[in-house]
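Here is how the chains run, residue by residue.
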Amino acid sequence: MSRHVVWSKLSALARKATLAGIDVIFPPACLLCGEEIQQSGLLCAGCFAHLVSVGQPFCVRCALPQSSAECLNAEGECLECVQHPPPWHAARSAFVYEKTARDLLLRLKYADRPEYASFAGRYMWQAGEDVLRQGSLVIPVPVHKKRLMERRYNQAALLAWAVARCAKLRCLPDGLERRRVTGRLAGFTKAERQQEMEGAITVRSAYVSDMAGRDVVLVDDLLTTGATASACTKALLQAGVRSVFLLVAARVVLQKNADFGLSILEDE
Ligand SMILES: [Zn+2]
Ligand SMILES: [Zn+2]
């Protein structure tokens, strides 16, 4: 091979490397199983097929999938929401919390790689299209600074950034503040959970004027009992926010004897 041919081949490779970025050195791999795929930041077809989206019919207020549309009233709310309305206006979830969604969220929580948030954020944006209204603020459920130091980042904030970027909305990653570390909430009664969360979450005073009269999309990775989201919603409403919409990556469908590692994922 002549020197000229070698040189042109090398420069073509370098051009390709610049265009494709890191993909030349590390070929795109499925975020879950590592199988080689065409485009980075996605799942392979096999893993994707195991993700369960929250499809119709679901309760518009708590995002819980329903077995039939007859389980919902004319407003699209389930019986539980009619009897015990949550403080937020509506809730949307991208996925049902099962094994694949759990694996995805665990990696988001513990692996220091933002592509998990970008992936989930895109599907959350699609699921929450009707609640991500123009002018809304996107605010994550906060973690206590002690936990933030242990983990280095708040996974809900990464999701909030990703959703806000897709929806072209303003994100206030530190709009809410967790004043104290709270205990595990699953397995306790509703009253106990409320007591545990009482006063634990407040709006950062610097943002009160920004939030007044605005709609807020509150973002979290999971919706389980809703105790944490309720505490956030109440703090936002007290600060003068017009309405709160909850947007999560995965909705937990609580079933007896089905524990997909909630104790690891549930936000303390
Ligand atoms: Zn895969
Ligand atoms: Zn409901």
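About the thresholds
Residues numbered from 1 in each chain as written. Chains lettered and ligands numbered in written order. Predicted model: local features only at pLDDT ≥ 70, side-chain atom pairs only at ≥ 80, totals over all residues. Heavy atoms only, no water. UniProt positions renumbered as here; feature names shortened; annotations may be inferred. Helix = DSSP H or I, 4+ residues; strand = E, 2+ residues; numbered from the N terminus. Contact = heavy atoms within 4.5 Å. Areas by Shrake-Rupley, 256 points an atom, 1.4 Å probe, with all protein chains shown as cover. Donors = N, O, S within 2.8 Å, 3.2 Å for Na, K, Ca; no water. Tetrahedral: all angles 85-135°; square planar, octahedral: opposite > 155°, others 65-115°. Buried < 20%, exposed > 50% of the residue type's maximum accessible area, 1.4 Å probe, protein only. Axes fitted to C-alpha atoms, helices over the stretch in contact; angles between N-to-C directions. Parallel < 35°, antiparallel > 145°, perpendicular 65-115°, else oblique. Left-handed = near helix turned anticlockwise from the far one by under 90°. Expected span 1.5 Å × (residues − 1). Salt bridge = Lys/Arg side-chain N within 4 Å of Asp/Glu carboxyl O. Phe/Tyr/Trp six-rings, centres within 6.5 Å; stacked < 30°, edge-to-face > 60°. Pairing = 2+ DSSP bridges.

An unreviewed UniProt entry annotates the chain as ComF family protein originating from Acetobacter thailandicus. Recorded under Sequence similarities (unreviewed entry), the UniProt text for the chain is reproduced unchanged: "Belongs to the ComF/GntX family."

Let us look at the overall build of the chain. On a plain count of helices and strands, the chain comes out with 11 helices and seven strands. At a minimum sequence separation of 6, the contacts of the chain that also span at least 24 residues come to 74%. Accessible area for the chain stands at about 14,300 Å²; split by element, carbon and sulfur atoms hold 55% of it.

Next up on the list: the coordination of the zinc ion (ligand 1). Donor atoms from the polypeptide that coordinate the zinc ion (ligand 1) comprise Cys30 (SG), Cys33 (SG), Cys44 (SG) and Cys47 (SG), at 2.3 Å from the metal. Every donor counted, the four donor atoms about the zinc ion (ligand 1) form angles of 104 to 116 degrees at the centre, which fits tetrahedral coordination. Donor residues binding the zinc ion (ligand 1) come from one chain and are separated in sequence as C-x2-C-x10-C-x2-C. In this structure Cys30 comes out as buried when scored by relative accessible area, which is 4%. Residue classification places Cys33 among the partly exposed residues on the basis of a relative accessible area of 46%.

To continue, consider the coordination of the zinc ion (ligand 2). Within the first shell, the zinc ion (ligand 2) binds the protein through Cys59 (SG), Cys62 (SG), Cys78 (SG) and Cys81 (SG), at distances of 2.3 Å. Viewed at the metal, the four donor atoms of the zinc ion (ligand 2) are separated by angles of 105 to 115 degrees, and the geometry they form is tetrahedral.

A separate point is the packing of helix α8 (residues 190–197) against helix α10 (residues 227–238). Across the interface, α8 lies against α10 with an axial gap of 9 Å and an inter-helix angle of 50 degrees. When the interaxial angle is binned, α8 and α10 end up oblique. The two elements α8 and α10 cross, and the hand of that crossing is right-handed. Each of Arg193, Gln194 and Met197 in α8 lies in contact with α10, whose residues at this interface are Ala227, Thr228, Ala231 and Lys234.

Right, let's get into α10. Helix length check: α10, at 12 residues, gives a terminal C-alpha distance of 17 Å against a target of 16 Å (1.5 Å per residue), a fit within 8%. With nine of 12 residues buried, α10 lies mostly within the body of the structure. Gly240 sits one or two positions beyond α10 and adopts a positive phi of about 100 degrees.

On to the pattern of salt bridges. Close approach of charged atoms lets side chains of opposite charge pair. In this structure the tally under the stated criterion is nine salt bridges. We note a salt bridge from Glu150 to Arg147, for which the minimum N-O separation is 3.7 Å. With Glu150 and Arg147 both in helix α6 (residues 145–151) and three residues apart, the pair spans about one turn of that helix. Given the relative accessible area of 52%, Glu150 is considered exposed. Among the residues examined, Arg147 registers a relative accessible area of 17% and is labelled buried. Overlapping salt bridges bring together Lys99, Arg102 and Asp103 as one network.

Per the stated rule, a full pass over the model turns up three aromatic pairs. Aromatic pair Phe95 and Tyr123: ring centres 5.6 Å apart, planes at 45 degrees, arrangement tilted. Within this pair, whereas Phe95 is found in strand β1 (residues 90–96), its partner Tyr123 is found in helix α5 (residues 115–127), the two being separated by 28 residues in sequence. Between Phe119 and Tyr123, the ring centres sit 5.1 Å apart and the planes meet at 50 degrees, which makes this aromatic pair tilted. Placement of the pair is Phe119 and Tyr123 together in helix α5, with a separation of four residues, close to one helical turn. When its relative accessible area of 1% is taken as the criterion, Phe119 is described as buried. Here the aromatic cluster, defined as three or more aromatic residues joined through ring pairs, consists of Phe48, Phe95, Phe119 and Tyr123.

Consecutive residues of a regular strand have side chains that alternate between opposite faces of the sheet. Along strand β7 (residues 243–251), nine of the nine residues are buried, which leaves the element largely enclosed by surrounding structure. In this structure, β1 lies alongside β7, joined through six bridges in parallel fashion. In the strand pairing of β7, Phe95 is matched with Ala250.

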